[in-house]
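The residues making up each chain are set out below.
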Amino acid sequence: MSVEQTLVLIKPDGVARGLVGEIMARFERRGLRLAALRLLRFDEVLVARHYAEHIGKDFFPALKEFIMSGPTVAMVLEGDRAIEIVRAMMGATKFYEAAPGTIRGDYANHVTRNLVHGSDSPAAAAREIPLFFDRLID
Ligand code: IDP
Ligand code: MG
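Peer 1: Which parts of the structure should I look at to understand the overall build of the chain?
Peer 2: Each helix and strand in the chain was counted, giving seven helices and four strands. N-terminal to C-terminal, the α/β element order of the chain is β-α-α-β-α-α-β-α-α-β-α. Against the compact-globule benchmark of 14 Å for 138 residues, the chain has a radius of gyration of 14 Å, which places it among compact chains. Principal-axis analysis of the C-alpha atoms gives the chain an extent of 40 × 35 × 25 Å. Looking at the chain residue by residue over its 138 residues, the buried ones come to 46%. Partitioning the intrachain contacts of the chain with sequence separation of at least 6 by distance along the chain shows that 77% fall at a separation of at least 24. Accessible area for the chain stands at about 7300 Å²; split by element, carbon and sulfur atoms hold 53% of it. Distance between charge centroids for the chain: 2 Å, based on 18 positive and 18 negative side chains.

Peer 1: What is the right way to read the site of ligand 1 from this model?
Peer 2: All residues adjacent to ligand 1 are Lys11, Tyr51, His54, Phe59, Leu63, Arg87, Thr93, Lys94, Arg104, Val111, Thr112 and Asn114. In the model, an oxygen atom of ligand 1 is placed 2.9 Å from a nitrogen or oxygen of the arginine 87 side chain. Coverage of ligand 1 by the protein amounts to 83% of the 530 Å² it exposes when considered alone. Each residue belonging to the shell around ligand 1 can be placed in one class, and the counts come to four nonpolar, four polar and four charged.

Criteria and cut-off values
Along each chain, numbering runs from 1 in the same order as the chain's sequence is written. Starting at A for chains and at 1 for ligands, labels are handed out in the order in which the entities are written. Local features in a predicted model are, by the rule used here, given only for residues with pLDDT of at least 70; side-chain atom pairs are given and counted only at 80 or more, and totals for whole chains, interfaces and linings are based on all residues. Note: side-chain values were computed over all heavy atoms of the structure, leaving out hydrogens and water. The way it works is that DSSP assigns letters per residue, a run of H or I at least four long becomes a helix, a run of E at least two long becomes a strand, and they are numbered from the N terminus. Restricting the calculation to C-alpha atoms gives the radius of gyration, and the globule rule supplies 2.2 Å times the number of residues raised to the power 0.38. Exposure classes here rest on a 1.4 Å probe applied to the protein chains alone. A residue is buried below 20% of its type maximum, exposed above 50%, and partly exposed in between. By definition, residues are in contact when any of their heavy atoms lie within 4.5 Å. Accessible surface area values rest on a Shrake-Rupley calculation with a 1.4 Å probe, where residue burial reflects the displayed protein chains alone. A residue counts as positive if it is Lys or Arg and as negative if it is Asp or Glu; His and the chain ends are not included. Where a charge lies is defined by one atom per residue type: Lys uses NZ, Arg uses CZ, Asp uses CG and Glu uses CD. Neighbouring residues are identified by heavy atoms, a residue being near a molecule or strand if any of them is within 4 Å of it. In protein, a polar contact means a hydrogen-donor-capable atom and an acceptor-capable atom, both N or O and within 3.5 Å, with residues adjacent in sequence counting only if both atoms are side-chain atoms; elsewhere, any N or O pair within 3.5 Å suffices. Three residue categories are used. Nonpolar comprises Ala, Val, Leu, Ile, Met, Phe, Trp, Tyr, Cys and Pro, charged comprises Asp, Glu, Lys and Arg, and polar comprises the others, including Gly.

The following block contains the structure:
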């Protein structure tokens, strides 16, 4: 077994809608270990770093306005194949493609406001985690 870490965000819509406990409970029940946790608000520098790959795309201005609109919960989850498990539990990016039973498939109804972020590869996780946490509990 290879223990993997992934960065998970509950975006401002999830916090505003009171879905933090519901979303975290799903990951906990799946057996993912919580390795770090904080509440923060994105500023321009963090948006540019975290979403660097999306700068210049047509949806970036809307994404930036949304992600800065309120507090976000950031966490590091750990476990065997944690990156793939979280992505599967999140559901497809677009709410209308997200399968029922996934977080987005059960709660999202907007392309930008889609509740959660999860690193999409080991390289992305390694890049993203230090943007939010300078040390993890071990
Ligand atoms: P992901 O969050 O499923 O990894 P990405 O393609 O990395 O999806 O996009 C990052 C975020 O940007 C999405 O979660 C969503 O909030 C927003 N986004 C992505 N594609 C679109 C789009 O076509 N229109 C509006 N917002 C989008
Ligand atoms: Mg992504």
